[in-house]
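Residue-level structural notes
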Amino acid sequence: MNYQVLLFYLYTDIDNPEAFVTEHTELCKKLNLLGRVLIAKEGINGTVSGLISDTDEYMAILQQHPVLKGISFKVDPASQHAFKKLHVRVRDFLVNLSLEDDVNPREITGRYVKPKDFYQQMKEEDTVVIDARNTYEYDVGHFKGAIRPDIETFRELPQWIKENQQLLQGKRILTYCTGGIRCEKFSGWLKREGYEDVGQLEGGIATYGQDEEVRGKDWLGQMVVFDERLSVPINQLEHVIVGVDHYDGTPQERMFNCSNPDCNKRLIGSEENERLHMGACSEECAKHPRNRYLNKIIS
Ligand SMILES: [Zn+2]
């Protein structure tokens, strides 16, 4: 385990994202880091992998950076890089709720709930727990009893909530996501919509899984990550498989993307079923002329 995978974000003012990207790319290259870092006027969001010494140096440099004061990192040990390439890019938003009037989490956001308190409050009456991620992430793993919004991208979440507000009315609301960045905006939006008692899991599921006290308790399945590992364990005490094979409905948590490059949907399925269906989510996708699964076998 000579490597580390870092996950981080910070909402902050970055006046010139283009210049920041140039400077940041240089830094990552110098430290031989791979991964994906997004820079927007509203802040930074990234996940990178590298040798322990290089990632340690990277964290120290970012923590001393005048614009990134207060940034924190989730650190996972690893035996190799979790990415093939380095991408440092400018984005309009770090996460996008597709709102006409976007939420600034530095002005309005839900209260931060530590893992231990989150674990206790989840069980309390009149509390609803909402997964702020997409359905395919929920389907691989989620908190016991959490609501599963039927959405394929984060920007669909406000509309889904509006259509299902009866689930939330008069309740204490707890939200969670992978590292916390989506909840900062989502919980702020809920407050702006008039929900008064809104909490967000501080540091996200990643922190919850590493917390010494809760050790991932009440997490079912795995957590989807956006690197080559695809998913990682969270619950240190027990492992319950909640994923279901796309093809035959049996318990499964192995993931791959639909072999039709235009579809690319994330699927859960065994190696055998992937082979039987040419890695495609549907017959239509299987017949696609650029089917990656077929091309892989031929070449
Ligand atoms: Zn497909």
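For clarity, every value in this text was computed on a predicted model and none was experimentally measured.

How each quantity is defined
- Residues numbered from 1 in each chain as written.
- Predicted model: local features only at pLDDT ≥ 70, side-chain atom pairs only at ≥ 80, totals over all residues.
- Heavy atoms only, no water.
- Donors = N, O, S within 2.8 Å, 3.2 Å for Na, K, Ca; no water.
- Tetrahedral: all angles 85-135°; square planar, octahedral: opposite > 155°, others 65-115°.
- Buried < 20%, exposed > 50% of the residue type's maximum accessible area, 1.4 Å probe, protein only.
- Pairing = 2+ DSSP bridges.
- Helix = DSSP H or I, 4+ residues; strand = E, 2+ residues; numbered from the N terminus.
- Axes fitted to C-alpha atoms, helices over the stretch in contact; angles between N-to-C directions.
- Contact = heavy atoms within 4.5 Å.

Overview of the coordination of the zinc ion
Protein coordination at the zinc ion: the donors are Cys258 (SG), Cys263 (SG), Cys281 (SG) and Cys285 (SG), at 2.3 to 2.4 Å from the metal. Of note is the zinc ion, whose 4 donor atoms meet at the metal with angles of 104 to 116° in an arrangement that counts as tetrahedral. In terms of primary sequence, the donors binding the zinc ion are separated according to C-x4-C-x17-C-x3-C. In this structure Cys258 comes out as buried when scored by relative accessible area, which is 0%.

With respect to the sheet that holds strand β3 (residues 43-51)
An order of β4-β1-β3-β2-β5 is seen for the 5 strands of this open sheet, with the pairing classed as mixed. Bordering the open sheet on either side are β4 (72-78) and β5 (86-90), each of which pairs with just one other strand. Geometrically, the sheet is characterised by an average inter-axis angle of 10° between neighbouring strands, direction not taken into account. Pairing of strand β1 (residues 3-11) with β4, which is carried by 7 bridges, proceeds in the antiparallel orientation. Across the sheet, residue Tyr3 finds its bridge partner in β4, namely Ala78. Across the sheet, helix α1 (residues 17-30) touches β2 (34-40), β3 and β5, and the angle it forms with β5 is around 165°. The strands that helix α2 (residues 52-64) touches are β1, β2, β3 and β4; relative to β1, the one it contacts most, it runs at about 15°.

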